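# Report on the structure
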Amino acid sequence: MREFIDVEWLTEISMFKNHIRLVAGKGGLARHVTYVTVQEAPDFYKQIEGGEFVLSTWYAFKDDMDAGLDAIRNLCGIASGVCIKVNRFIDKLPPEYLKCADEFNLPLFIVDKSVKFREIIKSITLEINMAHVNVLVQLNDYYTYLFQTALENGSADSMLLDFARRSGLIAITVSADFKQLRGMRSFQKLPDHEYRLQVIKDIISLNSSPVKYFCENEYHIFPCIARGYCYGYLVVLSANMLSERQRLYIAQLVNIITIKWLDRQEKENDTLLSLLDMILNSPGRDQERIIQFLNKKSIDYTSGIRAIQIKYDKPNKNDTKVNFAVVQRFLADIIAIKPNLLYIWDKPADSFTLLIDKQTREGDDLSHGFLHSVAKISENYRDISVSIGPVVTAVSDIRVSIKMAKNSFLFKSGDESNVICYKENLMQFALLGGADSRESDFFLEYTIIPLIEHDRCHDDLIMETLSCVVENATLEQAAKKQNIHVNSVRYRLQKIKNICGLDFFNQNEKYIMIIAYMIYKNRKKYCY
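In short, a report on the structure. (Residues numbered from 1 in each chain as written. Predicted model: local features only at pLDDT ≥ 70, side-chain atom pairs only at ≥ 80, totals over all residues. Heavy atoms only, no water.)

At a closest axis distance of 10 Å, the pairing of helix α3 (residues 65-75) and helix α4 (residues 95-104) adopts a crossing angle of 10 degrees. Our classification of the angle between α3 and α4 gives roughly parallel. Contacts between α3 and α4 involve M65, G68, L69, I72 and R73 from the first element and E96, Y97 and C100 from the second. Looking at the contact of α3 with α4 residue by residue, the class counts come to five nonpolar, one polar and two charged. (Axes fitted to C-alpha atoms, helices over the stretch in contact; angles between N-to-C directions. Helix = DSSP H or I, 4+ residues; strand = E, 2+ residues; numbered from the N terminus. Parallel < 35°, antiparallel > 145°, perpendicular 65-115°, else oblique. Contact = heavy atoms within 4.5 Å. Nonpolar A, V, L, I, M, F, W, Y, C, P; charged D, E, K, R; others polar.)

Attention now moves to the packing of aromatic side chains. Counted by the stated rule, this structure contains 19 aromatic pairs. Centroid distance W58 to Y97: 6.0 Å. Interplanar angle 65 degrees. Geometry classified as edge-to-face. Highlighted residues: W58 in the loop between β5 (52-56) and α3 and Y97 in helix α4, separated in sequence by 39 residues. The structure contains a cluster of three or more aromatic residues connected by ring pairs, namely F44, W58, F61 and Y97. The aromatic ring of F117 is capped on one face by K85, whose charged end is 4.3 Å from the ring centroid. Sitting above the plane of the F409 ring, K311 keeps its charged end 4.4 Å from the centroid. (Phe/Tyr/Trp six-rings, centres within 6.5 Å; stacked < 30°, edge-to-face > 60°. Lys NZ or Arg CZ within 6 Å of the ring centre and 35° of its normal.)

So, about the sheet that holds strand β9 (residues 181-182). Strand order in the open sheet formed by five strands is β9-β8-β12-β11-β10, with antiparallel pairing between adjacent strands. Both edges of this open sheet fall to β9 and β10 (214-216), since each of them pairs with a single strand only. The pairing of strand β8 (residues 170-175) with β9 spans two bridges and is antiparallel. The partner of V174 across the bridge, within β9, is L181. (Pairing = 2+ DSSP bridges.)

As C-alpha cells, this is what we get:
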C-alpha cells in the first residue's frame with residue numbers, strides 16, 4: 001500500500017498514458033507529489049511551497065519565452081513536475097526549456113489544448129487521496145495493535161520491534177534517568193552501538209528544554225511528556241527526513257509509551273509513598289518491610305543514609321503548578337553524580353524526598369564531596385530549595401533525617417542560600433524536640449560530646465569548667481569554685497572553639513553552648 005504519490009506513479013495512470021507526454025526531466029520521476037495546482041501569474045513560482053504538480057497554459061510568458069525559462073529554473077527546486085498546455089497560447093516548448101528540465105531533473109510534460117485541466121486535476125487528486133487513505137488505514141491498524149498490546153500489558157520491546165517492521169526504522173526508548181533502555185535487540189546489531197548509545201545520552205543531556213521533538217544527525221528524539229513531566233524519550237534512527245507515515249506512527253507510539261511510563265511511575269510512586277509513610281509513622285513495627293524495600297532498591301542504610309528535601313518555589317504567586325521540567329533537570333544533574341538514590345514524589349505537597357546511601361558526616365559542612373556538588377548544582381536552579389538532613393545508620397532514624405530536612409525549610413529566610421543544612425538549626429531542633437529527643441542527640445554530638453571525648457583522651461577538665469561557668473555568674477566565681485586562676489578558666493574555654501567550632505566568647509555561640517550544656521545536664525530527668 002502506497003503512502004505517497006511520486007511523478008513516476010502518475011505516468012502509469014490512464015490520463016497520463018493517453019493524453020500527457022513527458023518531454024524532459026526523466027531523472028526526477030521519483031519526486032513526491034503533494035497536490036496539484038494551476039498557475040498562470042508571471043511570478044507564480046513564489047506561491048509554490050514544495051511538491052506541487054503545476055499545470056499551466058503558459059499564458060503569462062507567451063510573449064516573453066525567456067521569462068518563461070526563468071520560471072522553469074525557479075520551479076526546479078520546489079515543484080514535483082510541470083505540465084504545460086500547447087497549441088493554446090504557445091505551439092511548442094523551446095529547446096532551452098527541455099535542456100534546463102533535464103539538467104535539474106524537473107519532470108516536464110506537455111498536454112494538448114483539448115484536454116481540460118479539471119480532468120487532470122481530478123485524476124491526480126484521486127491518486128493523492130487514495131495514498132492518504134492508505135496511510136490512514138495503516139495508521140488505524142497500527143493504533144489498534146498498540147491499543148490491544150497496551151491492554152494486554154505488552155512490553156515496550158515488542159512494540160519497538162513491531163514499529164521497526166512497519167516503518168523500517170530502528171527505535172529505542174530511554175528513561176529520563178538513563179537507567180531503563182528498551183528495544184536494544186535491534187540496536188545492538190548496529191556497528192558501534194555502545195558509542196551510539198553514549199552519543200544519544202550526550203545529546204539528551206545537553207538539550208536543556210526536552211519538551212518537543214529535536215534532531216541531531218541521524219538521531220530523531222521524541223520526549224515522552226505527561227503532566228509537565230518528561231518520563232523518557234523515544235529515539236528513532238534515520239539518516240533521512242521522516243516520512244508522513246513514519247511521523248504518524250511515531251506520534252501513536254510516543255503516546256502509548258508515555259501512558260505506560262506514567263502508569264508505571266504512578267504505581268511506583270504509590271509504593272514509595274507507602275514506604276515513606278512506614279518510615280515516618282511506624283518504623284519499629286514495619287522495620288523488616290522497610291529494610292526489604294531498601295535492599296530491593298539497592299539502598300544500603302547501614303553505610304550511612306541521609307534525607308534531602310527538594311521544594312520548588314514558584315517564582316510567580318499566580319502559578320498553580322510546579323514546573324516539573326525544572327525539577328526533573330535538577331534531579332537529572334543530581335543522579336549524574338549519585339546514580340543510586342531513591343526519590344519520592346509527594347504530589348500534594350509538591351516536594352521530593354531523596355534517600356541517599358553511602359554518606360559520611362565529613363561532608364555536612366558543604367565544603368567538599370557529594371554535598372558540595374549538590375550546592376554547586378543548586379546555584380543554577382534559583383527556584384529550587386534544597387534541605388539536607390543528617391546521616392543516620394538505623395532504620396528508626398531515617399525518619400529523623402527526613403523530618404529535620406523538611407523542617408529546616410521553616411527556618412529559612414528569603415535572602416539566604418537556597419541550600420539549607422540541618423546543622424544550621426540544630427539548637428532549634430533540640431529545643432523543639434526536647435532533651436531526650438533524637439534531634440537533641442545530633443545537637444549534643446556537635447557540641448558537648450566532642451568536649452567529653454577530649455577530656456577523656458587528654459585528661460583535661462573542660463566540661464567541669466564549662467559546668468562551673470554556666471552555674472556561676474562570673475568567670476571569677478567559676479575560677480574560685482575550681483580553685484584555679486581566672487586565666488586558666490579562659491584558657492580552657494578558648495579550647496572549645498578548636499574542639500567543636502563554637503567560640504564561647506562570642507555572645508551568640510556562648511548562648512548555644514549554654515543551651516547544649518543544659519540539655520545534656522537535664523537529659524532523662526524531665527518527664528514528658
